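So you can see what is in the structure, the chains are spelled out below.
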Amino acid sequence: MKFINLFRDTRPLDWLVLILVTTVSVASLFVARATSAKASDLVTVEVKGKIVYRLSLSKDTEVDVKGPLGITHVVIKDRRVRVTQSPCPEKICVRQGWISRGAIVCVPNRVVVTVGTEIADRSVDAITG
Amino acid sequence: MKRLLLFTVSLLFIAFTLTACGSKRERLFKDSKVMMDTFVSITVVSKSEKKAREAMDAAFQELKRLEGLLDFYSPKSEISKINKGSGGVPVSVTPTTFSLINTALEVSKITDGAFDITLGVLNRRYDFFEKHHPTESEIKKLLPLVGYKKIVINPALRIVFLKKPGMMIDPGGITKGFAADRAIEVLKAKGIKAALVAVAGDIRAYGLKPDGTPWVVGIRDPRAKSADEVFATLKLTDMAVSTSGDYERYFIEKGVRYHHILDPETGMPARGVISVTVVGPKATYTDSLATAAFVKGLKEGMKMVEKNGYMAVVVDSSGRIYHSKGLEPMLELLKKHIEVRD
């Protein structure tokens, strides 16, 4: 039984099955890639460790979140995020400015804004300093 | 027969695709929390999400415990109890707190006092939000309360005593590194083969990422506006790294930058360098040695770090970057120098 015979003797239904299987496999690969690429587009806003907003980095928007000290104002524009107003004393979060990856943390008002999901697509794993 | 063969091939193909998707491959799991007055993130490599979660939860729990013991600003912490007893009552503490203070004293000795947790009393006089710093006469009055040799310890009874009334220890310059080390120990005990713990900028990593590469840690540009702009990257495995910089907490008054890293000799912010990154086996030491090297300045600081088997990247006040030779295989400089405009 030569391999070539296998193709010659294959019936239309066999081909259909083979094509179907191939299409599904290849398509699933692309779907998986598309989903993981989307992950780094996600902006999450947390207050006291609880996620209050899941936003898209590609959609310009502004949200207010209420922390223990008051309202923190978060702005997404041109695929970047920043905190423009905060009731915290030192305003480290406001001074941090625009970010397109990583996180803005307001310790006093317990607000954390993160770009990307749990498995972020970043060039560095952490930043010291 | 032939059809059976084709059927088998198709079946194998499906089986292969399914295995590739829903496999038990090693993956990265990350969780972050606001604690210890900062942002803590833990990344672990694991095949099982459940195991990863359990390990991360245990590590966070340990950090919560440390926060309760070591917080300088919480009146209930053991640090506050020691401070309240200054000049009068020796305080018995848990093995954890004792180990931290003992290590802090050891670092004070090997750095000739450039690292000193008794600066607490002066730290309290700086308010970086209200832009307030103590006057020269205030500093002069408070300096006699500074000096690690005025801390008395008894290892057998785990007792800590501050000799002079009004003395205050603030272990802020070592606590975060100490916490990173403790979290790593917990993850190892939980069977995690590779992980990275970042307590703010005090980071310790071990093992390799799922793709077999080392962990990459960026060093923040000390004068860039954005906190995620880095001037160098370090490839690390089984290493810790910490950075002390004059840009973390500061204000500028009449062109002078007042920042939080104080020289124990003068009680004033240390001058000469703007960022010191220390790399080595333990975060407890990278954290405290980075502070000490910042105080000592470029030459002396670098020498002291290397003498103790650690390595450093230093940016001086003109923006020039220096690094230990030993770092070359793992260090990549993304900028040749730092733009300094102050």
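Residues numbered from 1 in each chain as written. Chains lettered and ligands numbered in written order. Predicted model: local features only at pLDDT ≥ 70, side-chain atom pairs only at ≥ 80, totals over all residues. Heavy atoms only, no water.

Draft legend 1. Geometry of the packing of helix 4 (residues 95–110) of chain B against helix 7 (residues 172–189) of chain B. Residues and elements named next belong to chain B. One way to put it is that helix 4 packs onto helix 7 with a least axis distance of 11 Å and a crossing angle of 125°. Relative to helix 7, the element helix 4 lies oblique. Helix 7 is crossed by helix 4, and the crossing has right-handed handedness. Contact residues: helix 4 offers Thr96, Ser99, Leu100, Thr103 and Ala104, while helix 7 offers Ile174, Thr175, Phe178 and Arg182. For the contact of helix 4 with helix 7, the residue count by class is four nonpolar, four polar and one charged. (Axes fitted to C-alpha atoms, helices over the stretch in contact; angles between N-to-C directions. Helix = DSSP H or I, 4+ residues; strand = E, 2+ residues; numbered from the N terminus. Parallel < 35°, antiparallel > 145°, perpendicular 65-115°, else oblique. Left-handed = near helix turned anticlockwise from the far one by under 90°. Contact = heavy atoms within 4.5 Å. Nonpolar A, V, L, I, M, F, W, Y, C, P; charged D, E, K, R; others polar.)

Draft legend 2. How the structure looks around the pairing of strand 1 (residues 42–47) of chain A. Residues and elements named next belong to chain A. Of all the six residues making up strand 1, five are buried; the element is thus mostly covered by neighbouring parts of the structure. The turn linking strand 1 back onto strand 2 (residues 50–56) is made up of two residues, and lysine 48 within it adopts a positive phi angle of 50°. Sheet topology places strand 1 next to strand 7 (residues 111–115); five bridges connect them, and they run antiparallel. Among the inter-strand pairings, threonine 44 is bridged to a residue of strand 7, identified as threonine 114. (Buried < 20%, exposed > 50% of the residue type's maximum accessible area, 1.4 Å probe, protein only. Pairing = 2+ DSSP bridges.)

Draft legend 3. Here's a closer look at helix 7 of chain B. All names here are of chain B. For helix 7, with 18 residues, the first-to-last C-alpha span of 26 Å sits near the 26 Å given by 1.5 Å per residue. Of all the positions in helix 7, only Ile174, Thr175, Gly177, Phe178, Ala179, Ala180, Asp181, Ala183, Ile184, Val186 and Leu187 are classed as buried. The inward-facing, buried residues of helix 7 contact strand 2 (38–46), helix 2 (49–70), helix 4, strand 6 (194–199), strand 7 (202–206) and helix 8 (283–296). Downstream of helix 7 by a residue or two, glycine 191 has a phi angle that is positive, lying close to 85°. (Expected span 1.5 Å × (residues − 1).)

Draft legend 4. Expanded view of the pairing of strand 2 of chain A. Across six bridges, strand 1 of chain A lies against strand 2 of chain A in antiparallel orientation. Bridge pairing in strand 2 of chain A links Glu46(A) to Ile51(A).

Draft legend 5. Here's a closer look at the nonpolar core. All names here are of chain B. Among the nonpolar cores identified, the biggest contains 81 residues, and Val44, Leu63 and Leu187 are the most heavily contacted of them. Looking at which element gives the most residues to this core, the answer is helix 2, with ten residues. When neighbours within four sequence positions are excluded, valine 44 is seen to be in contact with Arg27, Leu28, Phe29, Ala52, Met56, Leu187, Ile192, Ala194 and Ala195. In this structure, Val45, Ala205, Ile274 and Met311 belong to the second largest nonpolar core, which totals 26 residues. (Core = buried A, V, L, I, M, F, W, Y, C linked by side-chain atoms within 4.5 Å.)

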